[in-house]
Amino acid sequence: MNASVQPPVAAPAAVTLQEPAAMPALTLTERLRPYAQSVLPPLAVVLALLLIWQFLASGPNATLPPPTKVWEDAGELITDPFFDRGGLDKGLFWHLLASLQRVAVGFTLSAIVGIAIGLLIGTSKLAMRGLDPIFQVLRTVPPLAWLPLSLAAFREAQPSAIFVIFITSIWPIIINTAVGVRNVPQDYRNVAAVIRLRGFGYFSRIILPAAAPYIFTGLRIGVGLSWLAIIAAEMLIGGVGIGFFIWDAWNSSNLSDIIVALFYVGIVGFLLDRLMALVGHLVTRGTATA
Amino acid sequence: MSFLDISDVTIAFNGSRVPVLNGVDLKISRGEYISVIGHSGCGKSTLLNVVAGLLDATRGGVVLDGREISGPGPDRAVVFQNHSLLPWLTCYENVRLAVDQTLSKQMSRAERHEWTLANIALVRMTHAKDKRPGEISGGMKQRIGIARALSMKPKVLLLDEPFGALDALTRAHLQDQVMQIHAELGTTVMMITHDVDEAVLLSDRIVMLTNGPNARIGEILEVDLPRPRDRLALATDARFISARAAVLEFLHHRHAAPGLKAA
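Residues numbered from 1 in each chain as written. Chains lettered and ligands numbered in written order. Predicted model: local features only at pLDDT ≥ 70, side-chain atom pairs only at ≥ 80, totals over all residues. Heavy atoms only, no water.

- With an unreviewed UniProt entry as reference, chain B is termed ABC transporter ATP-binding protein, source organism Roseomonas populi.
- In the Sequence similarities (unreviewed entry) part of its UniProt record, chain B is described as follows: "Belongs to the ABC transporter superfamily." (UniProt positions renumbered as here; feature names shortened; annotations may be inferred.)

- Under an unreviewed UniProt entry, the name given to chain A is Nitrate ABC transporter permease, and the source organism is Roseomonas populi.
- On record in UniProt, under Sequence similarities (unreviewed entry), the comment for chain A is "Belongs to the binding-protein-dependent transport system permease family."

### Thoughts on the UniProt feature "transmembrane region" (unreviewed entry) in chain A
Residue and element names in this part refer to chain A.
Moving on, step 1. In this structure's numbering, the residues bearing the UniProt feature "transmembrane region" (unreviewed entry) are residues 39-56, 103-122, 160-181, 202-221, 227-247 and 259-283.
Moving on, step 2. With 100% helix and 0% strand, residues 39-56 has its two end C-alpha atoms placed 26 Å apart.
Moving on, step 3. In the segment residues 103-122, helix accounts for 100% and strand for 0%; the C-alpha atoms at its two ends are 26 Å apart. (Helix = DSSP H or I, 4+ residues; strand = E, 2+ residues; numbered from the N terminus.)

### Here we look at the nonpolar core
General note: in soluble globular proteins, nonpolar side chains tend to be found buried as a group.
Moving on, step 1. If you look at the biggest cluster of nonpolar residues, it comprises 130 residues, and the most contacted ones within it are Trp227(A), Ile242(A), Ile6(B), Met190(B), Val200(B), Ile206(B) and Val247(B).
Moving on, step 2. Top element by residues in this core is helix 10 (residues 199-237) of chain A. It accounts for twelve residues.
Moving on, step 3. Each residue touching Trp227(A), except ones within four places of it in the same chain, is listed here: Leu96(A), Ser99(A), Leu100(A), Val103(A), Ile242(A), Val265(A), Val268(A), Gly269(A) and Leu272(A).
Moving on, step 4. Among the nonpolar cores identified, the runner-up in size contains ten residues, and Ala127(A), Trp146(A), Ile170(A) and Trp171(A) belong to it. (Core = buried A, V, L, I, M, F, W, Y, C linked by side-chain atoms within 4.5 Å. Buried < 20%, exposed > 50% of the residue type's maximum accessible area, 1.4 Å probe, protein only. Contact = heavy atoms within 4.5 Å.)

### Some remarks on unusual backbone geometry
Moving on, step 1. Between Arg227(B) and Pro228(B) the backbone carries a cis peptide bond, its omega angle lying at -5 degrees.
Moving on, step 2. At Arg196(A), a position not held by glycine, the phi torsion is positive, near 55 degrees.
Moving on, step 3. Examined against the element boundaries, Arg196(A) turns out to sit in the loop between helix 9 (186-194) and helix 10.
Moving on, step 4. Judged by its relative accessible area of 37%, Arg196(A) falls in the partly exposed class.
Moving on, step 5. Look at Ser84(B): it is not a glycine, yet its phi comes out positive at around 50 degrees.
Moving on, step 6. Of note, Ser84(B) is situated in the loop between strand 6 (76-79) and helix 2 (91-103).

### Some points on the pattern of salt bridges
Residue and element names in this part refer to chain A.
Moving on, step 1. In this structure the tally under the stated criterion is 22 salt bridges over all chains.
Moving on, step 2. For aspartate 73, the salt bridge identified is with lysine 69, shortest N-O distance 2.8 Å. Of this pair, aspartate 73 and lysine 69 both sit in helix 4 (residues 67-79), four residues apart, which is roughly one turn of the helix.
Moving on, step 3. For aspartate 73, a relative accessible area of 38% gives the class partly exposed. (Salt bridge = Lys/Arg side-chain N within 4 Å of Asp/Glu carboxyl O.)

### Here's the deal with the UniProt feature "domain: ABC transporter" (unreviewed entry) in chain B
Moving on, step 1. UniProt records the feature "domain: ABC transporter" (unreviewed entry) at residues 4-236 of chain B, using the numbering of this structure.
Moving on, step 2. Annotation note: span residues 4-236 of chain B, helix share 34%, strand share 24%, distance between end C-alpha atoms 34 Å.

### Things to note about the interface of chain B and chain A
Moving on, step 1. Taken together, the contact pairs 23 residues of chain B with 15 residues of chain A.
Moving on, step 2. The largest share of the area that chain B buries against chain A comes from Trp88(B), Leu97(B) and Gln101(B), three residues that together contribute 33% of it.
Moving on, step 3. On the surface where chain B and chain A come into contact, there are zero salt bridges.
Moving on, step 4. At the boundary of chain B with chain A, the tally comes to four residue pairs in polar contact (both at pLDDT 80 or more).
Moving on, step 5. For the side of chain B that touches chain A, the secondary structure elements donating two or more residues are strand 6 and helix 2 of chain B. (Buried area = accessible area lost by both parts, 1.4 Å probe. Polar contact = N/O pair within 3.5 Å; in protein donor to acceptor, adjacent residues only side chain to side chain.)

Structure below.
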């Protein structure tokens, strides 16, 4: 069958001779065009925004520093994120790393617990009736409102911050997992029934893979919320971390540092989101529309 | 005694007073190819689901090979209308999952691997065994669905409008393959269909259901055409034409589609 699909070898030989003339090699500009088309517009917008910012912040009554001033004050922060002079006087890399470590712990916990609870309330009507109303109320509590309570419970900054991340990111994971489980097509359940796949095998081979696209949507929302929560929590808790860095800079009226930190926070948040989407795409082998 | 014995099966959904199916009695012998035909909504698929064990009969029951069925199981493998392959597994893995699940006691690992490949080869899909369902055509998916069902070594093969979603040429090709497999393996088959030609071509007997609700078996037609059957030769065969006419007469004259009658 394969042999019949392959084109005869002899016939196109004459054609290949003329091919270079018919299809000239792409010039450098032509080859770069698709990249330029996606890179140039955002670059132009950034440049325009910088100009507007420069213009607005240049007046005598301006409250915020213009980009030139930011570069002058905080150039070292941008160019060298790795310095460490002991104490809290570290480069942004170390602050971001500390925050990311907290997010990693808190988010991993909430992913494990969230998926487990989501599977439970997706499978059991009784569990859903009991838990869903409570979750619907709790999930609207803003992240920082949990902080005093968790400080009181844990009496230490680190576990409190991790708890805030956990409690913030768990709700979308629970809800999306449960929806994913409830939406597993009846066809797949029938297949499982016919081959008598039950218990753990049924969960691991049918339910989890079928619900995976939903679960990863939940995880993606969750990781975004974690990043939002940690910045806010660290402002109050102190120690090394990008949130506290911003708060510290505010206390010492170092506006340029704040602006640089904000850029880094945004970029890291964006990368976290992309990373989660990529993991989802790989794990679901492209069946997810991530 | 018959191999598959459907007796007095009646199904009413959610306490509805008028049942979908009422008192269906059907005896099927080993190796027989039975088609169940009827208009949409007459409960053909419901009947198949009862035999599969996916649905409980309100009254009556099904006995297979001397044992009353309860719940679904691999002895009554189903080929679903929309193939129902798991999209995250390759064709091989879809069949292998069924083999591992149903035959792990009888076969070693290596034997299960061989058996999986043998069933994929039976439906001539070896070339695409490592593709995922999303990468192959509807006809190929249905062939893998058939391979998966056969791989469970079922006592009865249940086909739920297996060719309904396919184009005419693919359908003819698959019908020929199913006929050939049925001749080779001698599997007992119960097929739901709404295609008259398909029913006559493939079946030993055609069970015609009246319109639902409250559908019953209206008539059973014996198709006594010699096997192997050839669709080209049969197209002009008088026995084929008369069998076809009998089914059409039942479906479109005595029990015309309810919607059409009202109009």
